[in-house]
Amino acid sequence: MLPDLPFDPSHLLIGGNWRAPDATLPLINPSTGDTLCQIARGTPDDIDAAVTAAQTALDGAWGQMTALDRGRCLARLGHIVLDHVDLLAQLEALDVGKPLSQARADAIAIARYCEFYGGAADKVHGQTIPYLDGYTVYTLREPHGVTGHIVPWNYPMQIIGRSVGAALAMGNACVLKPAEDACLTALMFASLAREAGLPDGALNVVPGLGLEAGAALSAHPGVHHLSFTGSVRTGQAVQKAAGANVVPVTLELGGKSPQIIFNDADLDDALPFLVNAGLQNAGQTCSAASRILVQRPVFDTVAERMSAAYRAKTVGPAMDDPDIGPLISHTQKDRVTAFLDTADDLALLAKTPLPETLPTQGAYVQPRLFGPVAPDHRLAQDEIFGPVQVLIPFDTEDDAIRIANGTAYGLVAGVWTQNGARQMRMAKKLRSGQVFINNYGAGGGVELPFGGIGKSGHGREKGFEALYGFSTLKTVAARHG
Ligand code: NAD
């Protein structure tokens, strides 16, 4: 059952008003298969109203707010979010099937994004540029205007924090389209933002289907920038729609990220990162370390130790706070199962046991570790987005780089070695938006620019860098003699 909420979860938030939708969709608890509540099935008209409300906010109170006051508002929101961490975590656990302590970490992360971008709002400067005699030239960083945010279901709070947080800091007005599978924390965050004093229309939330509300938002001519996180196929559709309106778009489309273990790695140190970066959120993580590349002399040791870790993990309903919850939906379970059906030829190293008490209607998939796997096998090439990792042996440093770079993606890579020169060489040669040396993920890294190359997407969110993406540069050349 849902906890009490300060809003009706079937409503949309447009221009500061909670509105009843024309139609609704059921929101399912993936741990049990129960319907949690009805949510809005936002229409293109709702998107249009939200874009108009955002533009009105830009033309009014929000547009007139100083950077300092925008920052204070975000910082206040961060504090309010921290006061509601337990409720937000509960909502995310029920909605996403994310184990409670992982959901709690996401709630703390969205507060941290508000704090970070609140502090940064008044620190984005233009430049003065030496030019011809008699001129003064300078640049201004300005908001794009109305920004559209299409968010997936796997990390709603984290992704809203990094994109909406940075967009608001720069003075944009946002229209947020959360995923149809998980939108409760988006609504709760927007409700808390009102409490923090965010002016009406600065953040509008329109839940709904991708092909309806999502497509309408990406094609809307009143939107000046789009931020999308999700699948490659949908990212391509969003980019095409953005292209028709000639607006910039940031795409974060997942990956097939490797962690590379050399002979001299400290395995005790590495082991939790190897396993958890694959199984966190049941493997439904864009930066999941779904490939583990292991230098041949330590392959058997790594395989044994990771297998033992897999067998010791727990699976269960999110509210029981196991290590691994269900997948988001039966659709996603079917997708992952279809991948596993192509793995008959692979050596299965370990499975995590499933308790007999699991709710029968939950979307659970048994976590599996495979190895050795050939680098060109489908399970080593495609994003599975489930609790599945493959171990790939390699011989030399050059082999490791070739295999690591041998997919269509390039989001994150991890390198485990004590050899400093090798660390530097690997960091340079890996085709990846982020490289972690003797760690993976750096504990979330709100401050660290994040994004991919290749099919992982383009543009950077998180860190200070995101503020440049969510703003545009104006050059002013004054001739005064
Ligand atoms: P998706 O890309 O279809 O959905 C992500 C978001 O886009 C949702 O809000 C959805 O409503 C919206 N959307 C869908 N179609 C749209 C359209 N035509 N125009 C505009 N918006 C649209 O992802 P999915 O179908 O939920 O998941 C499928 C696969 O995508 C997963 O198995 C996984 O491989 C990948 N995925 C990646 C991430 C990531 O973090 N990079 C997140 C979710 C899913």
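What you are looking at is a predicted structure, and each value in this text was computed from that prediction instead of being measured. (Residues numbered from 1 in each chain as written. Predicted model: local features only at pLDDT ≥ 70, side-chain atom pairs only at ≥ 80, totals over all residues. Heavy atoms only, no water.)

A. View of empty space enclosed by the protein. Inspection of every chain in the model, using the stated rule, returns four cavities of 30 Å³ or more. The computed volume of the largest cavity comes to approximately 80 Å³. Class assignment of the residues belonging to the lining of the largest cavity gives a composition of seven nonpolar, six polar and three charged. (1 Å grid on protein atoms, 1.4 Å probe; cavity = no way out; pocket = protein on both sides within 12 Å on 5 of 7 lines; lining within 4 Å. Points joined across faces, edges and corners; volume = space filled by probe spheres on them. Nonpolar A, V, L, I, M, F, W, Y, C, P; charged D, E, K, R; others polar.)

B. Highlighting the nonpolar core. Within the largest apolar cluster, 90 residues are counted, with the highest numbers of intra-cluster contacts made by L77, Y117, F189 and L203. In terms of nonpolar packing, the next biggest core, distinct from the first, is built from 61 residues, L274, V373, L379 and A404 among them. (Core = buried A, V, L, I, M, F, W, Y, C linked by side-chain atoms within 4.5 Å. Buried < 20%, exposed > 50% of the residue type's maximum accessible area, 1.4 Å probe, protein only.)

C. The arrangement of the site of the ligand in detail. Taken together, 28 residues form the shell around the ligand, and within it V151, W153, K177, E180 and S231 come nearest. Interatomic distance of 3.1 Å between a side-chain N/O atom of N154 and an oxygen atom of the ligand. Within the side chain of R335, a nitrogen or oxygen atom sits 3.5 Å from an oxygen atom of the ligand. Out of a free accessible area of 810 Å², the ligand has 89% covered by protein chains. In a pocket analysis with a 2 Å cut-off to the grid points, the ligand is assigned to the largest pocket. Contributing elements (two or more residues each) for the shell around the ligand: helix 8 (210–219), strand 10 (225–229), helix 9 (232–245) and helix 12 (330–340). If one sorts the elements of the shell around the ligand by residue count, helix 8 sits on top with five residues. (Near = heavy atom within 4 Å. Polar contact = N/O pair within 3.5 Å; in protein donor to acceptor, adjacent residues only side chain to side chain. Areas by Shrake-Rupley, 256 points an atom, 1.4 Å probe, with all protein chains shown as cover. Sits in = over half its atoms within 2 Å of the grid points. Helix = DSSP H or I, 4+ residues; strand = E, 2+ residues; numbered from the N terminus.)

D. Highlighting the pattern of salt bridges. Taken as a whole, this structure holds 17 salt bridges when the rule is applied. Close ionic contact of D69 with R72 constitutes a salt bridge, the shortest N to O distance being 3.8 Å. Note that D69 and R72 are positioned in helix 3 (residues 67–83) at a spacing of three residues, about one turn of the helix. E397 is paired through a salt bridge with R425; the nearest N and O atoms lie 2.7 Å apart. Linking E397 in helix 14 (residues 397–404) with R425 in helix 15 (residues 420–429), this pair joins segments that are 28 residues apart in sequence. The network of salt bridges with common partners includes R112, E115 and E447. (Salt bridge = Lys/Arg side-chain N within 4 Å of Asp/Glu carboxyl O.)

E. The arrangement of helix 11 (residues 299–312) in detail. Helix length check: helix 11, at 14 residues, gives a terminal C-alpha distance of 20 Å against a target of 20 Å (1.5 Å per residue), a fit within 8%. Burial in helix 11 covers these residues: F299, V302, A303, M306, S307, A309 and Y310. An end-on view of helix 11 places all buried positions within 160° of arc, on one side of the element. Residues of helix 11 that are exposed and angled more than 90 degrees away from the buried face: D300, E304 and A312. In this fold, the buried residues of helix 11 make contact with strand 12 (258–261), helix 10 (267–279), strand 13 (291–295), strand 14 (348–351), strand 15 (368–370) and strand 16 (388–394). (Expected span 1.5 Å × (residues − 1). Arc of directions from axis to C-beta. Contact = heavy atoms within 4.5 Å.)

F. The arrangement of the sheet that holds strand 6 (residues 135–143) in detail. Taken in spatial order, the three strands of this open sheet run 5-6-20, and their pairing is antiparallel. The outermost strands of the open sheet, each flanked by one partner alone, are strand 5 (128–129) and strand 20 (471–479). Pairing of strand 6 with strand 20 involves nine bridges; the strand directions are antiparallel. Among the inter-strand pairings, Y138 is bridged to a residue of strand 20, identified as V476. (Pairing = 2+ DSSP bridges.)

G. Highlighting the domain arrangement of the protein chain. Segmenting the protein chain into domains produces domain 1 (12–253) and domain 2 (258–446). Here the C-alpha centroids of domain 1 and domain 2 sit 30 Å apart. Counting residues at the interface gives 27 residues for domain 1, matched by 28 residues for domain 2. Carbon and sulfur atoms make up 60% of the surface buried where domain 1 meets domain 2, a total of about 2200 Å² over both sides. The largest contributions to the domain 1 side of the interface with domain 2 come from S31, W153 and Y155, which together make up 24% of the buried area. In this assembly, domain 1 and domain 2 are joined by zero salt bridges. Counting across the domain 1 and domain 2 interface gives 12 residue pairs in polar contact (both at pLDDT 80 or more). Within the residue set of the side of domain 1 that touches domain 2, elements represented by two or more residues are helix 4 (85–96) and helix 5 (100–120). A per-element tally of the side of domain 1 that touches domain 2 places helix 5 first, with seven residues. (Domains from an automatic or database assignment. Buried area = accessible area lost by both parts, 1.4 Å probe.)

H. Highlighting unusual backbone geometry. Cis rather than trans, the peptide bond between G371 and P372 has omega equal to -5°. Mapping P372 onto the fold places it in the loop between strand 15 and helix 13 (378–381). Positive phi, normally seen in glycine, also occurs at D321, with a value near 55°. Looking at the secondary structure, you find D321 in the loop between helix 11 and helix 12. One non-glycine residue with positive phi stands out, namely F385, at about 60°. When you line up the elements, F385 lands in the loop between helix 13 and strand 16. Residue F385 is classed as buried on the basis of its relative accessible area of 16%.

I. Region of interest: the pairing of strand 18 (residues 434–437). The side-chain alternation of strand 18 yields one buried face, formed by Q434 and F436, and one unburied face, formed by V435 and I437. Relative to strand 18, strand 17 (residues 412–416) is paired through four bridges, and the arrangement is parallel. For G414, the partnering residue across the bridge sits in strand 18 and is F436. Chirality of the crossover, the property in question, places the unit of strand 17, helix 15 and strand 18 among those that are right-handed. (Right-handed = clockwise from strand over helix to strand, strands pointing away.)

J. Layout of the sheet that holds strand 13. Strand order in the open sheet formed by seven strands is 14-15-16-13-12-17-18, with mixed pairing between adjacent strands. Sheet topology places strand 14 and strand 18 at the edges, where each strand pairs with a single neighbour. Between one strand and the next, the sheet's axes are offset by a mean angle of 15°, whatever the strand orientation. Here helix 15 sits on the sheet and contacts strand 12, strand 17 and strand 18; the angle it forms with strand 18, its principal contact strand, is near 165°. (Axes fitted to C-alpha atoms, helices over the stretch in contact; angles between N-to-C directions.)

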